[in-house]
Amino acid sequence: MGKPEEESKEAPRPTLIRPPPEDPSKAPIENTSEVTELAVIGPNIFTNARQPWHPPGARGIYGGAVIAMCLAAGQKTVPSDFLVHSMHCYFLLAGSAELPILFHVELVRDGRSFATRTVQARQKGRCIFTTTISFVREGSSGPRGSQVSHASSMPIDEKTGKPCQPPPDDYDGEPELVRSSPNPFQSARIEVTNADSPRPQDKKARQWYRAKGKISAEGGQQAHLTALAYVSDSYFIGTIGRIHKLWRFPFHPEDFGKLPEDLQERVRALHEWEGLGHPKDMVGRPEIGMMVSLDHSIYFHEPAKVRADEWMLSEMESPWAGDGRGVVTQRIYSKDGMLLATCVQEGLVRLEKNPGKTDSKL
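Scoring rules and cut-offs
- Residues numbered from 1 in each chain as written.
- Predicted model: local features only at pLDDT ≥ 70, side-chain atom pairs only at ≥ 80, totals over all residues.
- Heavy atoms only, no water.
- Helix = DSSP H or I, 4+ residues; strand = E, 2+ residues; numbered from the N terminus.
- Rg over C-alpha atoms; globule rule 2.2 N^0.38 Å.
- Buried < 20%, exposed > 50% of the residue type's maximum accessible area, 1.4 Å probe, protein only.
- Areas by Shrake-Rupley, 256 points an atom, 1.4 Å probe, with all protein chains shown as cover.
- Lys, Arg positive; Asp, Glu negative; His and termini not counted.
- Charge placed at Lys NZ, Arg CZ, Asp CG, Glu CD.
- Expected span 1.5 Å × (residues − 1).
- Pairing = 2+ DSSP bridges.
- Patch = residues over 30% accessible without salt bridge, like charges linked within 9 Å, V, L, I, M, F, W, Y side chains within 5 Å.
- Salt bridge = Lys/Arg side-chain N within 4 Å of Asp/Glu carboxyl O.
- Contact = heavy atoms within 4.5 Å.
- Disulfide = S-S within 2.5 Å.
- 1 Å grid on protein atoms, 1.4 Å probe; cavity = no way out; pocket = protein on both sides within 12 Å on 5 of 7 lines; lining within 4 Å.
- Points joined across faces, edges and corners; volume = space filled by probe spheres on them.
- Nonpolar A, V, L, I, M, F, W, Y, C, P; charged D, E, K, R; others polar.
- Polar contact = N/O pair within 3.5 Å; in protein donor to acceptor, adjacent residues only side chain to side chain.
- Core = buried A, V, L, I, M, F, W, Y, C linked by side-chain atoms within 4.5 Å.

A. Summary view of the overall build of the chain. A count of helices and strands for the chain gives 7 helices and 13 strands. Over its C-alpha atoms the chain spans a radius of gyration of 21 Å, differing by no more than 12% from the 21 Å that the globule rule assigns to 362 residues. C-alpha extents for the chain along the principal axes are approximately 70 × 55 × 40 Å. Counting across all 362 residues of the chain, residues that qualify as buried make up 47%. Within the structure as shown, the chain displays about 18300 Å² of accessible surface, and the carbon and sulfur contribution to it stands at 51%. If the 44 positive side-chain charges of the chain are averaged to one point and the 46 negative ones to another, these points end up 4 Å apart.

Below, the structure written as structure tokens:
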């Protein structure tokens, strides 16, 4: 007997399976990046347990969520003593927050020391994202004293001349527009070094962040690594906008004063928190027409030592931009100065052709 017509026209759901209740024993990032195996469909197929976040004004869901869920799916196909050491990702299509995602994991290789997986994220049969992930078995390279070893040091704070220090544990300084988002991470204000330099390539954007709550023992080290993968896409390609002082809001900077006073205050607080100063200082600056990530790589240098629920410092810069694209690099340090990961991303960067010359977007 067929389904009633009303049921057959039911709107699509963002998950294939009814989302489980939030687990209070886990950190929010663990619930956010959770995937469910779909053995009934086929081997090594997973789906998102909960609806992913679609940032306001973005073309699709937050890229870091797809990166994290692909890693979570891949982790479920390797032994627990294999930890990720690299991911190479391509963003192919904007993901929808209103449709389920299927994660198809291919077991490319299983060796004694390394394992390789490719993961495709698909919606309605179309691949929206693909990644190749390499895992390494803990301790497979021998004792540290028998290895070649070096690492970049914690960046130096321009103001103090000493290594950068994390915010206090009771930090609560995020602006309202950030606090009100469903982001499972807490972040401090972005600081731009060499801010007055005429050379964008000489500037660096630094930001401290940490996962909210405490990552559970059940989640283990895999959960810490999934969390780092999630946050690695945060404000990343936006580094181009910060070092070039590009306006990113959906109205012209000349129209800032026309906003209601309460909204002016919220926009001002966010703009300054993002390291760009007062919005009024952006009058006449170029405006972003489109900025989207194309690819993303993460090298996890110390996968066994990542503690994503403790403060980590991200230092972002860009060696090149041109031909409608930009490349950004990121180093992620633990609060005590250990280099945990290095990331590289290329993105599409297009400017508004006639900023400030068209009718108001308000």
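That shown, we press on.
B. Quick peek at helix H3 (residues 63-75). Look at H3: 19 Å from first C-alpha to last across 13 residues, which is about the 18 Å you get at 1.5 Å a residue. Buried residues dominate H3, accounting for 13 of its 13 residues.

C. Representation of the pairing of strand S10 (residues 288-300). Relative to S10, strand S3 (residues 82-91) is paired through 5 bridges, and the arrangement is antiparallel. In the sheet register, Cys89 faces S10, and the bridge partner there is His296. By the bridge criterion, 11 bridges tie S10 to strand S13 (residues 339-351) in an arrangement that is antiparallel. Across the sheet, Ile288 pairs through a bridge with Leu351, a residue of S13.

D. Seen up close, a nonpolar patch on the surface. A contiguous nonpolar patch, built from Leu16, Ile17, Val40 and Ile41 and spanning about 400 Å² of accessible area, is present on the exposed surface. When you line up the elements, Ile17 lands in the loop between helix H1 (5-8) and helix H2 (28-32).

E. Main features of helix H7 (residues 261-273). Compared with the 18 Å implied by 1.5 Å per residue over 13 residues, the 18 Å span of H7 between its first and last C-alpha is a close match. Listed as buried for H7 are Gln264, Val267, Leu270, His271, Glu272 and Trp273. Contacts from the buried residues of H7 go to helix H4 (176-179), strand S7 (185-187) and strand S9 (204-211). Trailing H7 by a residue or two, Gly275 shows a phi angle of about 85°, which is positive.

F. Region of interest: the state of the cysteines. All told, the structure shown has 0 disulfides when counted by the stated rule. With no disulfide partner, Cys70 has as its closest neighbouring cysteine sulfur the one in Cys89, 7.3 Å distant. Given the relative accessible area of 0%, Cys70 is considered buried. As a non-bridged cysteine, Cys164 has Cys343 as the owner of its nearest cysteine sulfur, 17 Å distant. A relative accessible area of 7% places Cys164 in the buried class.

G. Broad picture of the layout of surface pockets. In this model, the second largest pocket occupies a volume close to 820 Å³. Lining the second largest pocket we find 26 residues, and of these Arg144, Gln147, His301, Glu302 and Pro303 sit closest to its centre. Elements represented by at least two residues in the lining of the second largest pocket include exactly S3, strand S6 (126-137) and S10. Taken together, the residues of the lining of the second largest pocket break down into 11 nonpolar, 10 polar and 5 charged.

H. View of unusual backbone geometry. Even without being glycine, Lys124 reaches a positive phi, approximately 55°. Checked against the element boundaries, Lys124 lands in the loop between strand S5 (114-123) and S6. Residue classification places Lys124 among the exposed positions, given a relative accessible area of 72%. Backbone geometry at Asp323 places phi at a positive 55°, although glycine is not the residue there.

I. Broad picture of the side chain of Lys203. Mapped onto the secondary structure, Lys203 falls in the loop between strand S8 (191-193) and S9. A distance of 3.4 Å separates a polar side-chain atom of Lys203 from the backbone oxygen of Ala195. Those residues in contact with Lys203 that lie beyond four places of it in its chain are Val192, Thr193, Asn194, Ala195, Ser197, Ile243, Lys245, Met316 and Glu317.

J. The arrangement of the nonpolar core in detail. Met87, Phe103, Phe129, Phe185, Ile298, Phe300 and Met312 are the most contacted members of the largest nonpolar core, which totals 59 residues. Broken down by element, this core gets its largest block of residues, 9 residues, from H3. When near neighbours in sequence (up to four residues on either side) are disregarded, Ile298 contacts Ile67, His85, Ser86, Met87, Leu228, Ala229, Ser232, Ala341, Thr342 and Cys343. If you look at the next biggest cluster of nonpolar residues, it comprises 19 residues, including Phe249, Phe251, Val267 and Leu339.

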